Amino acid sequence: MSDTDDSTGGTIGERLGVPSLERAAVAPTAEHVGPVHRSHADAGNPLSGGDERDPEPDEAKAKRDERVVATLFTLSGAAAIFFVAYYWVANLHDRWYNQILGLSLAVSLFLIGIAAIYWVKTLMNDEEAVQERHPLYDQRENEVAGEVFMAGVADSAFLKRPLLRRTFIASQVPLLLAPVVLLRSLAPTQPKKAFEHTHWKPGDRLFDAQKFQPLQLLDPTKGVTLDIGGFVTVLPESAITYEQTTDTEGNVIDSVPRVDPQVEADSVTMLLRLDPNDFDPNNHRTDYRYVVQGHVAYSKLCTHLGCPVSLYEQQTHKLLCPCHQSQFLVTEGARPVFGPAARSLPQLPIMVDEEGFFRCVKDFDQPVGPGYWERT
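A brief structural summary. (Residues numbered from 1 in each chain as written. Predicted model: local features only at pLDDT ≥ 70, side-chain atom pairs only at ≥ 80, totals over all residues. Heavy atoms only, no water.)

### Digging into the packing of aromatic side chains
No. 1: Under the criterion given, the structure shown has 7 aromatic pairs.
No. 2: Judged by centre distance (5.3 Å) and plane angle (65 degrees), the rings of Phe73 and Phe168 are edge-to-face. Of this pair, Phe73 sits in helix α2 (residues 59–89) while Phe168 sits in helix α5 (residues 162–181); the two residues are 95 residues apart in sequence, bridging distant segments of the chain.
No. 3: For Phe73, a relative accessible area of 2% gives the class buried.
No. 4: According to the relative accessible area criterion, Phe168 is partly exposed, its value standing at 28%. (Phe/Tyr/Trp six-rings, centres within 6.5 Å; stacked < 30°, edge-to-face > 60°. Helix = DSSP H or I, 4+ residues; strand = E, 2+ residues; numbered from the N terminus. Buried < 20%, exposed > 50% of the residue type's maximum accessible area, 1.4 Å probe, protein only.)

### Examining the pairing of strand β7 (residues 269–273)
No. 1: In terms of burial, β7 is largely enclosed, as 4 of its 5 residues are buried.
No. 2: Where strand β4 (residues 231–236) meets β7, 4 bridges bridge the pair, whose relative direction is antiparallel. Across the sheet, Thr233 pairs through a bridge with Met270, a residue of β7.
No. 3: Summarising the sheet, β7 and strand β8 (residues 295–299) pair through 5 bridges and their orientation is antiparallel. Counterpart to Arg273 in the pairing with β8 is His295. (Pairing = 2+ DSSP bridges.)

### Describing the side chain of Asp353
No. 1: Residue placement: Asp353 occurs in the loop between β13 (350–352) and β14 (358–360).
No. 2: From its side chain, Asp353 meets the backbone nitrogen of Phe357 in a polar contact 2.8 Å long.
No. 3: Separated by 2.7 Å, the side chains of Asp353 and Arg359 make a polar contact. (Polar contact = N/O pair within 3.5 Å; in protein donor to acceptor, adjacent residues only side chain to side chain.)

### Some points on the sheet that holds strand β10 (residues 318–320)
No. 1: Taken together, 4 strands build an open sheet; the order of strands is β9-β10-β11-β12 and the sheet is antiparallel. Because the sheet does not close on itself, it has two edges, and the strands there are β9 (311–313) and β12 (335–338). Across this sheet, the average inter-strand angle for adjacent strands is 35 degrees, counted without regard to direction.
No. 2: In this structure, β10 lies alongside strand β11 (residues 327–329), joined through 3 bridges in antiparallel fashion. The residue bridging Leu319 from the neighbouring strand is Phe328, located in β11. (Axes fitted to C-alpha atoms, helices over the stretch in contact; angles between N-to-C directions.)

### Let's talk about the pattern of salt bridges
No. 1: Considering all chains together, one arrives at 8 salt bridges under this definition.
No. 2: In this structure, Glu59 engages Arg161 in a salt bridge whose closest nitrogen and oxygen atoms are separated by 3.6 Å. Within this pair, whereas Glu59 is found in helix α2, its partner Arg161 is found in the loop between α4 (141–156) and α5, the two being separated by 102 residues in sequence.
No. 3: One connected set of salt bridges, linked through shared partners, spans Glu59, Lys63, Glu66 and Arg161. (Salt bridge = Lys/Arg side-chain N within 4 Å of Asp/Glu carboxyl O.)

### Looking at the state of the cysteines
No. 1: Going through the model one piece at a time under the given rule, you end up with 1 disulfide.
No. 2: With a sulfur-sulfur separation of 2.5 Å, Cys307 is cross-linked through a disulfide to Cys323. With the S-S bond torsion at -105 degrees, the cross-link from Cys307 to Cys323 turns out left-handed. Residue Cys307 is found in the loop between β8 and β9, and its partner Cys323 is found in the loop between β10 and β11; the two are separated by 16 residues along the sequence. (Disulfide = S-S within 2.5 Å.)

### Examining the sheet that holds β4
No. 1: Read from one edge to the other, the open sheet built from 4 strands follows the order β3-β4-β7-β8, with strand pairing classed as antiparallel. Edge positions in the sheet fall to β3 (206–208) and β8, since each has one partner strand and no second. Taking each pair of neighbouring strands and ignoring which way they run, the sheet shows an average axis angle of 40 degrees.
No. 2: In this sheet, β4 lies alongside β3 in antiparallel orientation, the contact comprising 3 bridges. Within β4, the position partnered with Phe207 by the bridge is Leu235.

### Here's the deal with helix α3 (residues 97–123)
No. 1: Counted at 1.5 Å a residue, the expected span for α3 with its 27 residues is 39 Å, and the 39 Å between its end C-alpha atoms agrees.
No. 2: Along α3, the residues classified as buried are Tyr97, Leu101, Ser104, Ser108, Leu111, Ile112, Ala115, Trp119, Thr122 and Leu123. (Expected span 1.5 Å × (residues − 1).)

### A short note on the nonpolar core
No. 1: Counting 23 residues, the largest nonpolar core has Leu206, Leu215, Leu271, Leu348, Ile350 and Phe358 as the members making the most contacts within it.
No. 2: Elements with a minimum of two residues in this core: β4 and β14.
No. 3: The greatest single-element share of this core, amounting to 3 residues, is contributed by β4.
No. 4: What Leu206 contacts, discounting residues up to four positions off in sequence, is Trp200, Gln213, Pro214, Leu215, Val234, Leu235, Leu271, Ile350, Phe358, Arg359 and Cys360.
No. 5: One finds Val291, Tyr298, Cys321 and Ala341 within the second-largest nonpolar core, a separate group that totals 18 residues. (Core = buried A, V, L, I, M, F, W, Y, C linked by side-chain atoms within 4.5 Å. Contact = heavy atoms within 4.5 Å.)

What follows is the structure, encoded as structure tokens:
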């Protein structure tokens, strides 16, 4: 039978080998190659001569299979809900943050796949259909496609079994939300606010970024002290964590310090000690309330392009940025005196507690690093 022969009667889907909504089966003959149907029992036997499956599966077994698929859909939805909730409430700087997100999303997608496979294998018709070739373009293709789609809907029992339908839809809603909430990671929700604050908090002790020890004013046995003309890179104490190794009895045998790169990125600071007489009392750029016996702290991020200001000339009291040669005069509030930088380095307010440890009074009073759009 050719694709263009309309004299045989019946629907186009039947003549092209498409199962109808009534699941009509056309027995194969030498002159007609149509869909060949096999039952579940014969599906795995290529020598089986059966060409029809049982009209309806055992309803009790079908109900059990339906509950299994519904359970898988429910668990998939729960994993997707966990993904969305964990993304919003967890600390993105936690060590296992990305791994937990990836695992929960993978579990949700995996369960969806298992449920779909189980659905097809147990609740849908197991049939093979062989269809003759037809011209690459046929004006009847839209009609045939519609019949194929409706036959598939009827075969899936999507409309017949409300438990499957509801759990499937419920599992898809949170899963569809997953890529939507990830858009939040493309940029901070309030970019300007994020630029205006660092990780320095009131009361944070200043820690040497290399020795991982607190900064002391006078007692070198308790921490790092500076001589006049000295300087050191410091971080907030909260930026440093320790990975401890214990023995079988729980005793700590090793402790390795680690620096949180997110905190280091915006909070890296330079603490310098000058002779108090080197400061110009008429200079209003320096906040002398936060200069402790010649100790003063400035952000280490250059206000030109954010490079680390890592060089200090003791004789001229200048901080130098090695990237583009900007220079900042420490005795006058770290104002730029050479190079492309046009803004002073922000000063970190510091104090000394009763034990002589340097602590942060509050965050920088202006944004650190380079200027950005709409900054006032």
